[in-house]
Amino acid sequence: MTRHRRTADRVVVAYHRREGAGVRLSPGDVAAEAISSADVLHLTGITPALGPGPAAAVERAVAVAGEAGVPVSFDVNYRALLWPPEQAGEVLRRLAGRAEVVFAGLEEARLVAGRPPQARAGGAPESGADGTPGAGADGTPGAGADGAPGAGADGAPGAGADGAPGARVGGAPGARVGGAPGARADGDDPGVLARLLLELGPREVVIKLGREGAYVTDGSVALRVPARAVSEVDPVGAGDAFVAGYLSGRLDGLDLAGRAERAVTCGAFAVATWGDWEGLPRRHELDLLAASDGVAR
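Thresholds applied
Residues numbered from 1 in each chain as written. Predicted model: local features only at pLDDT ≥ 70, side-chain atom pairs only at ≥ 80, totals over all residues. Heavy atoms only, no water. Helix = DSSP H or I, 4+ residues; strand = E, 2+ residues; numbered from the N terminus. Contact = heavy atoms within 4.5 Å. Areas by Shrake-Rupley, 256 points an atom, 1.4 Å probe, with all protein chains shown as cover. Pairing = 2+ DSSP bridges. Salt bridge = Lys/Arg side-chain N within 4 Å of Asp/Glu carboxyl O. Buried < 20%, exposed > 50% of the residue type's maximum accessible area, 1.4 Å probe, protein only. Axes fitted to C-alpha atoms, helices over the stretch in contact; angles between N-to-C directions. Expected span 1.5 Å × (residues − 1). Phe/Tyr/Trp six-rings, centres within 6.5 Å; stacked < 30°, edge-to-face > 60°.

**Concerning the overall build of the protein**
Assigned secondary structure in the protein consists of seven helices and eight strands. Taking the contacts inside the protein whose residues are at least 6 apart along the sequence as the reference set, 70% of them involve residues at least 24 apart. Carbon and sulfur atoms provide 52% of the accessible area of the protein, an area that totals close to 13,500 Å².

Spelled out as structure tokens, the structure:
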């Protein structure tokens, strides 16, 4: 991956995957012992898009996790440049159905749910990005491992410590979602799309909404979580940071709201600093963004 800041508010990122190690993955590269002893196996939808070998490696990793009783986390991460939606939809839908936790942007959720893409003004379909500023990079430090040794770590250096377990986001205790003024049309409604994804089999669905935050549900509780207000410096890697924060909260035993709060916090740290992973918070820094005057004492 190469990147440079083209203007004050535009970062250009180029991925060089064709000759990368990822395209050479095969089922024989899957470290079964590492997966079997992990707390969670995290997968990205980019890997099966790289070719038959990587796709088979992902299937093998999921099978090993299933045999060992290790939960699978899956970030859809659809990339239109790697494969067409007709091919991707079937594969991503199958992986989502075998995962315990699924992360997706709105357009990705439509793809996995089998809904047609929403058209922008002028009739052009929305991009397949995950809806998070700087849609999650792949292959950068902190990106979720997929079948690699040590898979299942949360990927964020020191990510997550904890606001109090059960703490609600945005000060709205246990606020439920649905019926809010200005609700989206069904094809663009995160609650509708999340329910469709839950029907595939996962226990939790997280719809990433970028600057609007996220929608999180386990089928019985649904929360709309606002993004944290920060000055955007570099959006690249925000999606991965969000996922790492959510998974670290899950591994720490936080409830749905606590996981979501940590997710948006880690995403905000990524957006507010330069680099993919360099700005990710340590445990003692997780409350830093809550300081009302911008100074933690």
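**Describing the pairing of strand β1 (residues 2-7)**
As judged from the five bridges shared by β1 and strand β2 (residues 10-14), these two strands associate in the antiparallel manner. When the bridges of β2 are listed, Thr7 appears paired with Arg10. Here β1 hands over to β2 after two residues, the two strands then running antiparallel side by side.

**Brief notes about the pattern of salt bridges**
A complete count under the given rule lists 13 salt bridges for this structure. Across the pair Arg262 and Asp252 runs a salt bridge whose closest N-O atoms are separated by 2.9 Å. Residue Arg262 is found in helix α7 (residues 256-271), and its partner Asp252 is found in the loop between α6 (238-251) and α7; the two are separated by 10 residues along the sequence. Given the relative accessible area of 4%, Arg262 is considered buried. One salt-bridge network, in which partners are shared between bridges, spans Glu100, Glu204, Arg250 and Arg259.

**Description of the sheet that holds strand β7 (residues 214-217)**
The strands making up a sheet are joined through hydrogen bonds of the backbone, oriented either antiparallel or parallel. A sheet is described by the order of its strands in space; here six strands give the open sequence β3-β4-β5-β6-β7-β8, paired in mixed fashion. Strands at the two margins of the open sheet, each flanked by one partner only, are β3 (41-44) and β8 (222-225). Direction aside, neighbouring strands of the sheet carry axes that sit 15° apart on average. Taken together, the four bridges between strand β6 (residues 204-208) and β7 define a ladder with antiparallel strand orientation. Note on β7: the bridge partner recorded for Val205 is Thr217.

**Some details on helix α4 (residues 106-113)**
Judged by how many residues are buried, α4 sits mostly within the fold: seven of eight residues are covered. Among the residues of α4, those classed as buried are Leu106, Glu107, Glu108, Ala109, Arg110, Leu111 and Val112. Gly114 sits one or two positions beyond α4 and adopts a positive phi of about 80°.

**What about unusual backbone geometry?**
For Asn77, which is not glycine, the phi torsion reads 45° and is therefore positive. Its place among the elements puts Asn77 in the loop between β4 (72-75) and α3 (85-97).

**Points about the environment of Asn77**
In this structure Asn77 comes out as buried when scored by relative accessible area, which is 2%. For the pair Asn77 and Leu43, spaced 34 residues apart in sequence, the C-alpha to C-alpha distance is 9.6 Å.

**Description of α7**
An ideal rise of 1.5 Å per residue puts 22 Å on 16 residues; α7 measures up with 23 Å between its terminal C-alpha atoms. Along α7, 16 of the 16 residues are buried, which leaves the element largely enclosed by surrounding structure.

**Some remarks on the packing of aromatic side chains**
For the structure on display, the rule yields one aromatic pair. Seen from their ring centres, Phe103 and Tyr246 are 5.4 Å apart, and the 85° between their planes marks the pair as edge-to-face. Remark: Tyr246 occurs in helix α6 and Phe103 occurs in strand β5 (residues 101-105); sequence separation between them is 143 residues. Note on Tyr246: relative accessible area 0%, which makes it buried.

**Describing the environment of Arg110**
Turning to its location among the elements, Arg110 is positioned in helix α4. Spatially, the C-alpha atom of Arg110 lies 8.3 Å from that of Asp188, the residues being 78 residues apart in sequence.

**Points about the pairing of β8**
Relative to β8, β7 runs antiparallel, the two sharing four bridges. Across the sheet, the residue bridging to Val216 is Leu223, located in β8. Turn length for the β7-β8 hairpin, with the two strands adjacent in sequence and antiparallel, is four residues, and the turn residue Gly219 shows positive phi of about 95°.

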